[in-house]
Amino acid sequence: MTSPQIGIYGLGTMGAALALNMAEKGIAIAVSNRSAKGVADFMDRAGPLAERVSASDDLSALVQALPQPRTLLAMIPSTGPMDALLDDLIPLLSPGDTVIDAGNADFHDTRRRTHRLAEHDLHFVGMGVSGGENGARNGPSMMVGGSDHSWRHLRPVVEAIAARYNGAPCVAHLGPDGAGHFVKTVHNGIEYADMQMIAEVYDLMRNGMGQEPAQIGQHFARWNDGPLGSYLFEITGTLLQAADPKTGKPMVDVITDSAGQKGTGRWTVIEAIKLGQSANMIEAAVAGRAWSAERAVRQDADATFGAARNPIDLDAARLEPALLAARVLEYAQGFRILAAASTEYDWQLDPGTIARIWRAGCIIRAKTLDDIAQAFDDGPPHGELLLSSRFSEVLDRGIPALRKVVGQAVLAGHPVPVLSAALAWFDTMRQGRGTASVIQAQRDFFGRHGFGRVDAEGVFHGPWWG
Ligand SMILES: NC(=O)c1ccc[n+]([C@@H]2O[C@H](COP(=O)([O-])OP(=O)(O)OC[C@H]3O[C@@H](n4cnc5c(N)ncnc54)[C@H](OP(=O)(O)O)[C@@H]3O)[C@@H](O)[C@H]2O)c1
């Protein structure tokens, strides 16, 4: 057997899928796992691919199986277990070796671990992987941080296993230290907003327009064939048409209405705020998940106030342009956070490249991303997607439709936190002269903070200070 090109530690759902994908692409790999059972199960699953796999139950044997400089990918929880793994690995590795954390890490941890390994002349790569188990097995989208040295060794492996869009692999080296994990975090934040937006439209169609889940699913399936084409619309079209084998009811009717979350949406919002940004659509989506978890409170509030059951006067044809406009706005918000972080951490993130590697393999893959990549290549005014001429028609057509959808929803009492946030943001940003003069006057009034004037340079106070 040729010597392994890469080691994989952690053969759970994602690690095993990535390892099998590599072996299938002809890459010789070495694997190991905390429990020996994980290794044995993996070798069973590998079948004929096992001939490209060198397996061991022991971390030091895994390290020894790799030629130097070593490339070792860990797919385990990116929290405490990753630090514990590094404690064990550092004495086993040699200068120039690379450890990759391919889990969903907080990018602050990735930066800290990068510095820690650098003290031992070791390289640390934070790599975001999107696409779930199926993506990892058949072609994920991967967002890679770390050094050029690590990228040189990792590149042939990840380009071989990545999803492809028109032949181009959906993986790129995006920047140093935490860049890859940060981009993955924001990817997930956009994912939260898109999922919540879909759930809001489902509510309007189900409880406002009186449609059954299967009918709504057919709308999503049809929209998926048009400019809204995306993985999340595709699966929503399918899952809304599914029936529960036990009761025969629509599957969505027997699933509890409390959404889980693992933290990446929340991290996006926290980091955005720290960077002086506000991605209000992503904030609304994170809030939506949190509120969904408060079932007992919602049920009591329903008994007290009653949920909206009023019909709404909406034509499904209006929803498509409204959703497309909202999708452009949620991506625009995500890319603003990326731009702010790129400046703060000096990552030199290229938004066009990021849009391109999201076009296939990842959960937020969508037709719109091709236009977004081109819009960034054109260099929109102020780097803002909102101002790109490529989206003027989408917004000209979609905003009035979105206004109608949100207006009807609000009047009838249906909650649309993400769709209304989209409109609030758009309407705020199109105000060349906003209302913050009132805020400035208030601040000066109670705190003597001073304000600028439109007709003079300097800091001034109002007549309330005499
Ligand atoms: N599932 C997804 O769709 C998805 C998508 C993108 C990223 N991720 C990320 O991928 C990583 C792995 O997720 P997964 O879904 O593959 O989880 P999983 O199926 O639960 O597998 C976890 C793996 O980590 C190992 N592990 C757990 N605790 C450990 C410890 N303290 N020390 C050493 N090894 C330990 C497990 O070993 P044992 O076999 O010995 O228990 C197993 O190999 C996570 O960071 C997750 O956030 C997951």
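Residues numbered from 1 in each chain as written. Predicted model: local features only at pLDDT ≥ 70, side-chain atom pairs only at ≥ 80, totals over all residues. Heavy atoms only, no water.

- An unreviewed UniProt entry annotates the protein chain as 6-phosphogluconate dehydrogenase, decarboxylating originating from Mesobacterium hydrothermale.
- Its UniProt record gives the protein chain a comment under Subunit (unreviewed entry), which states: "Homodimer."
- Taken directly from UniProt, the Pathway (unreviewed entry) text for the protein chain runs: "Carbohydrate degradation; pentose phosphate pathway; D-ribulose 5-phosphate from D-glucose 6-phosphate (oxidative stage): step 3/3." (UniProt positions renumbered as here; feature names shortened; annotations may be inferred.)

Comments concerning the domain arrangement of the protein chain
Item 1. Each assigned domain of the protein chain is listed here: domain 1 (6–177), domain 2 (184–429) and domain 3 (438–465).
Item 2. On a C-alpha basis, the centres of domain 2 and domain 3 stand 39 Å from each other. (Domains from an automatic or database assignment.)

Re the UniProt feature "domain: 6-phosphogluconate dehydrogenase C-terminal" (unreviewed entry) in the protein chain
Item 1. In this numbering, the UniProt entry assigns the feature "domain: 6-phosphogluconate dehydrogenase C-terminal" (unreviewed entry) to residues 180–465.
Item 2. The span residues 180–465 is 63% helix and 3% strand, and its two end C-alpha atoms sit 51 Å from each other. (Helix = DSSP H or I, 4+ residues; strand = E, 2+ residues; numbered from the N terminus.)

Concerning the layout of surface pockets
Item 1. When its volume is computed, the largest pocket comes out at roughly 1900 Å³.
Item 2. Listing elements by their share of the lining of the largest pocket, those giving two or more residues are α8 (179–208), α10 (231–240), α12 (280–292) and α13 (295–305).
Item 3. For the lining of the largest pocket, the element with the highest residue contribution is α8, accounting for 10 residues.
Item 4. Of the residues belonging to the lining of the largest pocket, the class tally is 18 nonpolar, 11 polar and 10 charged. (1 Å grid on protein atoms, 1.4 Å probe; cavity = no way out; pocket = protein on both sides within 12 Å on 5 of 7 lines; lining within 4 Å. Points joined across faces, edges and corners; volume = space filled by probe spheres on them. Nonpolar A, V, L, I, M, F, W, Y, C, P; charged D, E, K, R; others polar.)

As for helix α9 (residues 213–224)
Item 1. Its 12 residues place the ends of α9 16 Å apart at the C-alpha level, agreeing with the 16 Å of an ideal helix rising 1.5 Å per residue.
Item 2. Here α9 has its buried residues at P213, I216, G217, H219, F220, W223 and N224. Take α9 and look down its axis: the buried residues cluster within an arc of 155°, on one side only.
Item 3. Looking at the packing, one finds that the buried side of α9 touches α8, α10 and α14 (316–345). (Expected span 1.5 Å × (residues − 1). Buried < 20%, exposed > 50% of the residue type's maximum accessible area, 1.4 Å probe, protein only. Arc of directions from axis to C-beta. Contact = heavy atoms within 4.5 Å.)

Remarks on the packing of aromatic side chains
Item 1. Taken as a whole and judged by the stated rule, the model has 12 aromatic pairs.
Item 2. Geometrically, the ring pair formed by F107 and F182 is edge-to-face, given 4.9 Å between the ring centres and 75° between the ring planes. In this pair, F107 is assigned in helix α5 (residues 107–118) and F182 in helix α8, connecting sequence segments 75 residues apart. Grouping residues by exposure puts F107 and F182 together as buried.
Item 3. Members of the aromatic cluster, connected to one another through ring pairs, are F107, F182, Y345 and W347.
Item 4. The cationic tip of R448 hangs over the ring face of W465; the distance from NZ or CZ to the ring centre is 4.5 Å.
Item 5. Lying across the ring of F460, R453 places its NZ or CZ 6.0 Å from the centre. (Phe/Tyr/Trp six-rings, centres within 6.5 Å; stacked < 30°, edge-to-face > 60°. Lys NZ or Arg CZ within 6 Å of the ring centre and 35° of its normal.)

Quick word on a nonpolar patch on the surface
Item 1. Together, F445, W464 and W465 give the surface a local cluster of nonpolar side chains, amounting to about 330 Å² of exposed area.
Item 2. Following the sequence through the fold, F445 ends up in helix α19 (residues 436–447). (Patch = residues over 30% accessible without salt bridge, like charges linked within 9 Å, V, L, I, M, F, W, Y side chains within 5 Å. Areas by Shrake-Rupley, 256 points an atom, 1.4 Å probe, with all protein chains shown as cover. Salt bridge = Lys/Arg side-chain N within 4 Å of Asp/Glu carboxyl O.)

Let's talk about the site of the ligand
Item 1. Close contacts around the ligand come from 18 residues, with T13, M14, N33, R34 and S35 the closest.
Item 2. Between S35 and the ligand, the recorded distance is 3.1 Å, taken from a backbone N or O atom to an oxygen atom.
Item 3. Within the backbone of N104, a nitrogen or oxygen atom sits 3.4 Å from an oxygen atom of the ligand.
Item 4. In isolation the ligand exposes 900 Å². Once the protein is present, 69% of that is buried.
Item 5. According to the grid-proximity analysis, the pocket containing the ligand is the second largest pocket.
Item 6. Considered class by class, the residues forming the shell around the ligand number eight nonpolar, nine polar and one charged. (Near = heavy atom within 4 Å. Polar contact = N/O pair within 3.5 Å; in protein donor to acceptor, adjacent residues only side chain to side chain. Sits in = over half its atoms within 2 Å of the grid points.)

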